Amino acid sequence: MYSIMPQDAVCFTQGPSLLVAWVDGTVPAGFPSPAADFAVKRHDLNELLITHPAATFMWQARGLSMIELGIADSDILVVNRALTPKHGDIVVAEIDGDFTVKQFYRRNGMVQLRAANATFPPILFRDGQTMTICGVVTATIKRFK
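The following refers to the structure shown. (Residues numbered from 1 in each chain as written. Predicted model: local features only at pLDDT ≥ 70, side-chain atom pairs only at ≥ 80, totals over all residues. Heavy atoms only, no water.)

### Notes on the overall build of the protein chain
Step number 1: Counting its secondary structure elements, the protein chain contains one helix and 10 strands.
Step number 2: Burial statistics for the protein chain: of 145 residues in total, 31% are counted as buried.
Step number 3: Residue pairs at least 24 apart in sequence account for 60% of intrachain contacts in the protein chain once pairs closer than 6 positions are excluded.
Step number 4: Of the roughly 9900 Å² that the protein chain leaves accessible, carbon and sulfur atoms contribute 57%. (Helix = DSSP H or I, 4+ residues; strand = E, 2+ residues; numbered from the N terminus. Buried < 20%, exposed > 50% of the residue type's maximum accessible area, 1.4 Å probe, protein only. Contact = heavy atoms within 4.5 Å. Areas by Shrake-Rupley, 256 points an atom, 1.4 Å probe, with all protein chains shown as cover.)

Have a look at this one:
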């Protein structure tokens, strides 16, 4: 059985705004460019990362099963419960009481959860198993130090 968690299943409250300096333009990852002035304004991280505040939560990833899609151990996942998962989306799912983050695969009536690491097999569903999609991962936050 596969289901999607209803948006109102858990009530989240939005925390306070966190305004962070934002420099206009982009920063080259190659050779430096001569930058004149840095135009700095403030952006709220909630506005940048969250489209449905009441239906969004964050959860820390554990393990390496999603490394090929850029999700590493200890990354913070931004998960939106208001979105309906589509083929190819990264989702947080509950399978028989255990939680996992995987890529959602749905074709010809078949649903699978696939890892983004060749050493992990896809999760195929058997009769009697239950899977609930808890939300769609919309962003990750990485810490380098």
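This is not the end of the story, as more comes after the structure.
### Here we look at the nonpolar core
Step number 1: In this structure, Phe57, Ala61, Met66, Ile71, Leu77, Val79, Ile90, Val92, Val101, Ala116, Cys134 and Val137 together form the largest nonpolar core, which totals 12 residues.
Step number 2: Among residues more than four places away in sequence, those in contact with leucine 77 are Phe57, Met58, Trp59, Ala61, Ile71, Val92, Val101, Val137, Ala139 and Thr140.
Step number 3: By size, the runner-up hydrophobic cluster in this structure holds nine residues, among which are Val91, Phe104, Ile133 and Val136. (Core = buried A, V, L, I, M, F, W, Y, C linked by side-chain atoms within 4.5 Å.)

### Some thoughts on the side chain of threonine 100
Step number 1: Considering the arrangement of structural elements, one finds threonine 100 in strand 7 (residues 98-107).
Step number 2: At a separation of 2.9 Å, a polar atom in the side chain of threonine 100 contacts the side chain of lysine 102.
Step number 3: Those residues in contact with threonine 100 that sit more than four places away from it in its chain are Val91, Val92, Ala93, Ile95, Leu113 and Ile123. (Polar contact = N/O pair within 3.5 Å; in protein donor to acceptor, adjacent residues only side chain to side chain.)

### With respect to the side chain of arginine 81
Step number 1: When you line up the elements, arginine 81 lands in the loop between strand 5 (76-80) and strand 6 (90-95).
Step number 2: What makes arginine 81 buried here is its relative accessible area of 4%.
Step number 3: A distance of 3.5 Å separates a polar side-chain atom of arginine 81 from the backbone oxygen of alanine 54.

### As for the pattern of salt bridges
Step number 1: For the coordinates displayed, the defined rule picks out one salt bridge.
Step number 2: Lysine 142 is the salt-bridge partner of aspartate 75, the closest N and O atoms lying 2.6 Å from each other. With aspartate 75 in the loop between strand 4 (56-60) and strand 5 and lysine 142 in the segment after strand 10 (131-141), this residue pair connects regions lying 67 residues apart in the sequence. (Salt bridge = Lys/Arg side-chain N within 4 Å of Asp/Glu carboxyl O.)

### Quick word on a nonpolar patch on the surface
Step number 1: Together, Leu64, Ile67 and Phe120 give the surface a local cluster of nonpolar side chains, amounting to about 250 Å² of exposed area.
Step number 2: In this structure, phenylalanine 120 sits in the loop between strand 8 (110-114) and strand 9 (123-124). (Patch = residues over 30% accessible without salt bridge, like charges linked within 9 Å, V, L, I, M, F, W, Y side chains within 5 Å.)

### Overview of the packing of aromatic side chains
Step number 1: A complete count under the given rule lists two aromatic pairs for this structure.
Step number 2: Counting every residue linked through ring pairs, the aromatic cluster contains Phe57, Trp59 and Phe99.
Step number 3: Taking NZ or CZ as reference, arginine 114 lies 3.6 Å from the ring centre of tyrosine 105, over its face. (Phe/Tyr/Trp six-rings, centres within 6.5 Å; stacked < 30°, edge-to-face > 60°. Lys NZ or Arg CZ within 6 Å of the ring centre and 35° of its normal.)

### Focus: the environment of isoleucine 133
Step number 1: On the secondary structure map, isoleucine 133 appears in strand 10.
Step number 2: For isoleucine 133, a relative accessible area of 2% translates into the label buried.

### With respect to unusual backbone geometry
Step number 1: Of note, serine 74 is a non-glycine position whose phi angle comes to about 80°, a positive value.
Step number 2: For serine 74, a relative accessible area of 37% translates into the label partly exposed.

### Here we look at the environment of leucine 83
Step number 1: Along the chain, the position of leucine 83 falls in the loop between strand 5 and strand 6.
Step number 2: C-alpha of leucine 83 to C-alpha of threonine 51: the two residues are 32 residues apart in sequence and 10.0 Å apart in space.

### Structural notes on the environment of valine 101
Step number 1: The topology assignment puts valine 101 in strand 7.
Step number 2: On the basis of relative accessibility, which here comes to 13%, the residue valine 101 falls in the buried class.

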